[in-house]
Amino acid sequence: MAALMVGGTLRVGERLPSIRQTRLARGCSAATVFQAYYLLESRGLVRAAPRSGYFVAPPPVPPTISAPTRSQPPAEARPVEVSELVFQLLGSGGHEVHAPFGSAFPSPALFPLERLRCALVAGSRKMSPAQLTTDLPGGHEELRRQISLRYLRQGLSISPDEIVLTNGALEALNLSLQALTRPGDAVLVESPGFYAALQSIERLGLRAIEVPTDALEGADLDSLAALLQQHQHSPPKACWLMSSFQNPLGSLMPPDKKRALVAMLNAHGVPLIEDDVYAELHFAAQPALPAKAFEQDGLVLHCGSFSKCLAPGYRVGWVAAGRLAPTLQRLKLSSSLSGSWPAQAALAEYLQGGGFDHHLRGLRAALAQQRDAMLAAVARHFPAGTRMTRPQGGYFLWVELPEGCDSLALHAQALAEGISLAPGPMFSARREFGRCLRLNYGQPWAEGLERAVARLGALARTA
Ligand SMILES: Cc1ncc(COP(=O)(O)O)c(C=O)c1O
């Protein structure tokens, strides 16, 4: 029925077939038909007129920008099982995707590919034979110095020796978690949170304690305090979260909240694994300080990456591991010896050559513009009652569809038409957020993307 309305067969103001007619036509009970009409009404597609029946409703008022609702996860630590679902949903199922709203990366068109190629050649030329063999462990010294210099510009004093270079931030995060835990331990994670954090917990045989996380300001500190209190006799061994431009919500913790977070975790002796891969993608003039800036005891492991802001395929990330740096260095050595030296040399060359900040200014401006285009498109085309925020950085929009919608069903339908999206249950240890989805606005805006959002909106009315 909803499809007939979206397709225009049933026009605004027209009366839907009566309950009796539909019951006879479909061979189902009156209760089922009532239920179906009730669902259409809750989605704003029809309105009920007393004693007259149901009528096709006028086009809904556009969705407003208002924070999606928060979840209330249970307080106990639980095993996690998400990997199967995540792998299923990450694949394209053989479909050719023309609107990659489910992607984890921005468009390659936004990266300085030619300059990186030159840096790769120049950096490789400078490598000594020893650097290709004996000097491998520890990671490229000049690159670590360049990363340390970027911290310094934010007022953070982090020595290059504290920095362990890794294969992307994902390895940095995984090694950090491995360094802090043993199978069976409990770990604090955000809800909703980055699916790879949940997958790590699953793979290492850990248990998750979910912290309700707000779409505007990130992890809820009152809930965190209550959870730490509740688990004081068997405290969690780590807290893994994103304090800036959280994936999937896009939330940003204000500085005072970051300070309070670090103090609270410190008081309970819980190390923080801070995933800060979107740090460089801020839309405000000034960058957001990481929680690491407020650390008191070397217990914040700050994980960063060039994957999101400069060179995805180079797979270069790092962890600034504070007093745990020697442990992380050993783990890195025993797991993969070293990252790719040519990739590290190329990034060192690129950073030394200048131009990174110029590139970042362009990238941020492009992403901010694309965010606005995506917000406007969702507001134009999605059903009334849709909620979303306006992220201050990164390239993800978290959208909550009206009551009754199902983002997994929407994902399947959209993918069959070449439109990908990341359904909410991917970001939850308990497959929550069934009517939420994450949309990537990392592609330069084009008419095809507007059409794809319009199509998603139409499908959302029936999903
Ligand atoms: C929140 C978050 N953390 C970490 C990563 C992994 O970063 P990298 O590609 O540097 O391994 C991603 C990539 O999607 C991410 O979204």
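Note that this is a predicted model, so its numbers are computed, not measured.

A. Representation of the overall build of the protein. A tally of regular secondary structure across the protein gives 16 helices and 18 strands. The C-alpha atoms of the protein give a radius of gyration of 24 Å, which matches the 23 Å a tight globule of 463 residues would have. Each principal axis of the C-alpha distribution contributes one length, and for the protein these read about 85 × 55 × 40 Å. For the protein, long-range pairs separated by at least 24 residues make up 76% of all intrachain contacts whose partners lie at least 6 apart in sequence. Here the protein displays about 19,500 Å² of accessible surface, and carbon together with sulfur accounts for 55% of that area. Side chains of the protein carry 44 positive and 38 negative charges; the gap between the two charge centres is 6 Å.

B. Geometry of helix 11 (residues 255-267). Here helix 11 spans 18 Å end to end across 13 residues, near enough to the 18 Å set by a 1.5 Å rise per residue. Every buried residue of helix 11 is accounted for by Lys257, Lys258, Leu261, Val262, Met264 and Leu265. Summarising the axial view, the buried residues of helix 11 lie within an arc of 165°, below the 170-degree limit, and thus occupy one face. For helix 11, the exposed residues lying more than 90 degrees away from the buried face are Asp256 and Ala267. On its buried face, helix 11 is in contact with strand 7 (186-191), strand 9 (218-219), helix 10 (221-230), strand 10 (238-241), strand 11 (272-275) and strand 12 (300-305).

C. Representation of the site of the ligand in the model. Around the ligand, the structure places 15 residues, and the nearest of them are Asp275, Tyr278, Ser305, Ser307 and Lys308. Contacts to the ligand include Leu170, whose backbone N or O atom sits 2.9 Å from an oxygen atom. Within the contact set of the ligand, an oxygen atom lies 2.8 Å away from a side-chain nitrogen or oxygen of Arg315. For the ligand, whose accessible area on its own is 390 Å², the fraction buried by protein is 96%. Broken down by element, the residue count for the shell around the ligand peaks at 4 residues, all from helix 8 (residues 168-180).

D. Up close: the pattern of salt bridges. In total, this model carries 23 salt bridges according to the counting rule given. A salt bridge links Glu76 to Arg78, with the shortest nitrogen-to-oxygen separation between them at 3.3 Å. Residue classification places Arg78 among the partly exposed residues on the basis of a relative accessible area of 33%. When salt bridges that share partners are traced, they join Arg150, Arg153, Glu280, Asp357 and Arg364 into one network.

E. Structural detail: the nonpolar core. Residues Phe101, Phe306 and Leu439 are the most contacted members of the largest nonpolar core, which totals 106 residues. Ranked by residues supplied to this core, first place goes to helix 14 (residues 356-381) with 11 residues. Of the residues that make up this core, three or more belong to each of domain 2 (64-108 + 358-460) and domain 3 (112-356). Those residues in contact with Leu439 that lie beyond four places of it in its chain are Phe101, Met374, Val378, Phe382, Tyr395, Phe396, Leu397, Val399, Leu421 and Leu456. Leu241, Val262, Ala291 and Val300 belong to the second largest nonpolar core, which has 23 residues in total.

F. Representation of the packing of helix 7 (residues 141-153) against helix 13 (residues 341-352). Where helix 7 contacts helix 13, the axes come no closer than 8 Å and their chain directions differ by 45°. As far as their axial angle goes, helix 13 and helix 7 are oblique. With respect to the hand of their crossing, helix 7 and helix 13 are arranged in left-handed fashion. Each of Glu142, Leu143 and Gln146 in helix 7 lies in contact with helix 13, whose residues at this interface are Gln344, Leu347, Ala348, Leu351 and Gln352. Tallied by class, residues from the contact of helix 7 with helix 13 come to 4 nonpolar, 3 polar and 1 charged.

G. Spotlight on the pairing of strand 12. Along strand 12, 6 of the 6 residues are buried, which leaves the element largely enclosed by surrounding structure. Both faces of strand 12 are covered, namely the face carrying Val300, His302 and Gly304 and the face carrying Leu301, Cys303 and Ser305. When strand 11 meets strand 12, the two strands line up parallel, connected through 4 bridges. Considered in strand 12, the bridge of Asp275 is made with Cys303. Across 4 bridges, strand 12 lies against strand 13 (residues 316-320) in antiparallel orientation. Bridge pairing in strand 13 places Gly304 opposite Trp318.

H. Summary view of the side chain of Ser148. Residue position: Ser148 is located in helix 7. Apart from the residues lying within four places of it in its own chain, the contact partners of Ser148 are Ile158, Ser159, Pro160 and Ile163.

I. The packing of aromatic side chains, seen in detail. Applying the stated criterion to the full structure yields 11 aromatic pairs. Here the aromatic rings of Tyr37 and Tyr54 are separated by 5.0 Å at their centres, their planes lie at 75°, and the arrangement is edge-to-face. Of the two residues, Tyr37 sits in helix 3 (residues 30-42) while Tyr54 sits in strand 2 (residues 53-56), which places them 17 residues apart along the sequence. When its relative accessible area of 2% is taken as the criterion, Tyr37 is described as buried.

J. Structural detail: the state of the cysteines. A full pass over the atoms with the stated rule returns 0 disulfides. No disulfide involves Cys118; its sulfur sits 19 Å from the nearest other cysteine sulfur, which is in Cys309. The structure places no disulfide on Cys436, whose sulfur is separated from the nearest cysteine sulfur, that of Cys405, by 10 Å. Relative accessible area serves as the criterion here: at 4%, Cys436 is assigned to the buried category.

K. Inspection of helix 12 (residues 325-336) at higher detail. Along its 12 residues, helix 12 runs 16 Å from first to last C-alpha, staying within 8% of the 16 Å computed at 1.5 Å per residue. Contacts from the buried residues of helix 12 go to strand 6 (163-167), helix 8, strand 12 and strand 13. Leu337 sits one or two positions beyond helix 12 and adopts a positive phi of about 65°.

L. Spatial organisation of the domain arrangement of the protein. What the domain assignment reports for the protein is domain 1 (2-56), domain 2 (64-108 + 358-460) and domain 3 (112-356). Look at where the C-alpha atoms of domain 2 and domain 3 centre, and you get two points 24 Å apart. Across the contact, 48 residues belong to domain 2 and 47 residues belong to domain 3. Of the roughly 3,900 Å² buried where domain 2 meets domain 3, counting both sides, 62% is carbon and sulfur surface. Here domain 2 is connected to domain 3 by 2 salt bridges.

Conventions and cut-offs
- Residues numbered from 1 in each chain as written.
- Predicted model: local features only at pLDDT ≥ 70, side-chain atom pairs only at ≥ 80, totals over all residues.
- Heavy atoms only, no water.
- Helix = DSSP H or I, 4+ residues; strand = E, 2+ residues; numbered from the N terminus.
- Rg over C-alpha atoms; globule rule 2.2 N^0.38 Å.
- Contact = heavy atoms within 4.5 Å.
- Areas by Shrake-Rupley, 256 points an atom, 1.4 Å probe, with all protein chains shown as cover.
- Lys, Arg positive; Asp, Glu negative; His and termini not counted.
- Charge placed at Lys NZ, Arg CZ, Asp CG, Glu CD.
- Expected span 1.5 Å × (residues − 1).
- Buried < 20%, exposed > 50% of the residue type's maximum accessible area, 1.4 Å probe, protein only.
- Arc of directions from axis to C-beta.
- Near = heavy atom within 4 Å.
- Polar contact = N/O pair within 3.5 Å; in protein donor to acceptor, adjacent residues only side chain to side chain.
- Salt bridge = Lys/Arg side-chain N within 4 Å of Asp/Glu carboxyl O.
- Core = buried A, V, L, I, M, F, W, Y, C linked by side-chain atoms within 4.5 Å.
- Domains from an automatic or database assignment.
- Axes fitted to C-alpha atoms, helices over the stretch in contact; angles between N-to-C directions.
- Parallel < 35°, antiparallel > 145°, perpendicular 65-115°, else oblique.
- Left-handed = near helix turned anticlockwise from the far one by under 90°.
- Nonpolar A, V, L, I, M, F, W, Y, C, P; charged D, E, K, R; others polar.
- Pairing = 2+ DSSP bridges.
- Phe/Tyr/Trp six-rings, centres within 6.5 Å; stacked < 30°, edge-to-face > 60°.
- Disulfide = S-S within 2.5 Å.
- Buried area = accessible area lost by both parts, 1.4 Å probe.

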